[in-house]
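Residue-level structural notes
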Amino acid sequence: LSGATIISFVVILVVVLWRTYIIGRIPMASGYETMLLLSLLLAAAALIVSFREPLLASFGLLMGGFALMVATFSQMNPQIASLMPVLHSPLLSLHVSLAMASYALFALAVLPSLAMLLAAPFARKLPHYENVSLRARLLAEVLLYPALLLLAAAIAIGSVWANVSWGAYWSWDPKEVWALIAFVVYSALLHAPIVRFLHRPIGFHVAQLFAFLVLLFTYLGVNMWLGGMHAYA
């Protein structure tokens, strides 16, 4: 699985570099291009983390494949087109890269929790289940800290870019609102000592699955159903 992840990383990297050469910029201005970038970052993050947890190499392969599947949706046109004026900014690359990197880490973090929830009905009575569940929680928390930091940086840089492009740091656009909601929800996961529901690992895993669903809606659902000034992304 590690070998398959490496091969997929190399193939996607070649595609991204070839697209960069053709259009003369880093491809991250459309939904299709950001999903390509996300799949690349997922594979890279999984390979890095797999030095500590080898099983995560397979998680990166799974989530990267999911990202590429989403990139084939009809709403995401792979056609290379000229950029809108608002996207001609050096802040674009920084904002999108940080956001995609945070999404990649959030995606890796949720898989151990999802595995524990799926295994709970069958393995809950096994003697080592609680220890494994606790280890999955600790692994998720290790990934959540940098992911949350990257998301905060993406929101901050996005607000600066919004002020330059739209004349306001915050305009209550649906994408901005849901990015803030996702940030608050994930922040709560890292305050387990004061949130009683999160004291037990199983509660943490349930909360993390809910937080990831919020993140998915922030990235995909908002563009599909709510629109707003970020609809071009």
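Use the structure listed above.
The paragraphs below set out a description of the structure included in this document. (Residues numbered from 1 in each chain as written. Predicted model: local features only at pLDDT ≥ 70, side-chain atom pairs only at ≥ 80, totals over all residues. Heavy atoms only, no water.)

Regarding the overall build of the protein chain
To keep it simple, the criterion reads: Where helices and strands are cited, they refer to DSSP runs of H or I of at least four residues and of E of at least two residues respectively, numbered from the N terminus. We take the radius of gyration over the C-alpha atoms and set the globule estimate at 2.2 Å times the residue count to the 0.38 power. Under the scheme applied here, a residue whose accessible area is under 20% of the maximum for its type counts as buried, over 50% as exposed, and between as partly exposed, the area being computed with a 1.4 Å probe on protein chains only. To be clear on the numbers: accessible area is Shrake-Rupley with a 1.4 Å probe, and residue cover counts the displayed protein chains and nothing else. His is not counted, nor are the chain ends, whereas Lys and Arg count as positive and Asp and Glu as negative. A single reference atom marks each charge: NZ on Lys, CZ on Arg, CG on Asp, CD on Glu.
Helices and strands together make up the secondary structure of the protein chain, namely seven helices and zero strands. Listing each helix as α and each strand as β along the protein chain from the N terminus yields α-α-α-α-α-α-α. Whereas a compact globule of 233 residues would reach a radius of gyration of roughly 17 Å, the protein chain reaches 18 Å, a difference of no more than 12%. Evaluated residue by residue, the protein chain yields a buried proportion of 48% over its 233 residues. When the accessible surface of the protein chain is totalled, it reaches about 12,100 Å², and 74% of it is carbon and sulfur. Here the protein chain carries 10 positive and 6 negative side-chain charges, and the mean point of each set is 9 Å from the other.

Describing unusual backbone geometry
Of note in this structure, W172 is not a glycine but carries a positive phi near 55 degrees. Topologically, W172 is positioned in the loop between α5 (129-166) and α6 (174-189). With relative accessibility at 61%, the residue W172 sits in the exposed group.

Observations regarding the nonpolar core
In globular proteins that are soluble, nonpolar side chains generally tend to be buried together. The criterion, for reference: Buried residues of nine kinds, namely Ala, Val, Leu, Ile, Met, Phe, Trp, Tyr and Cys, make up a nonpolar core once their side-chain atoms join them within 4.5 Å. In this analysis, two residues are considered to be in contact whenever any of their non-hydrogen atoms come within 4.5 Å of each other.
In this structure, L38, L42, F106, L144, Y186 and L189 are the most contacted members of the largest nonpolar core, which totals 55 residues. Broken down by secondary-structure element, the contributors of at least two residues to this core are α1 (2-23), α2 (31-49), α3 (56-71), α4 (91-123), α5, α6 and α7 (201-226). Broken down by element, the residue count for this core peaks at twelve residues, all from α4. If near-sequence neighbours (up to four positions away) are discounted, L42 is found in contact with G60, M63, G64, A67, A104, A107 and L108. Of all hydrophobic cores here, the second largest spans six residues; its members include M116, A120, A123 and A136.

With respect to the packing of α5 against α6
Inclusion rule: Axes, fitted as lines to C-alpha atoms, cover a helix only where it is in contact. Angles between the N-to-C directions of the axes lie from 0 to 180 degrees. An angle counts as roughly parallel when it lies under 35 degrees, as roughly antiparallel when it exceeds 145, as roughly perpendicular when it falls between 65 and 115, and as oblique in every other case. Crossings are assigned a handedness: left-handed for a near helix turned anticlockwise from the far helix by less than a right angle, right-handed for a clockwise turn. Polar here means any residue outside two lists: the nonpolar Ala, Val, Leu, Ile, Met, Phe, Trp, Tyr, Cys and Pro, and the charged Asp, Glu, Lys and Arg; Gly therefore counts as polar.
Relative to each other, α5 and α6 sit at 160 degrees, their axes nearing to 10 Å. Of the possible angle classes, the one that applies to α5 and α6 is roughly antiparallel. Crossing handedness for the pair α5 and α6: left-handed. Counting all contacts with α5, which are made through L144, L148, L151, A152, I155, A162 and W166, the residues of α6 involved are E176, A179, L180, F183, Y186, S187 and L189. Here the residues of the contact of α5 with α6 sort into twelve nonpolar, one polar and one charged.

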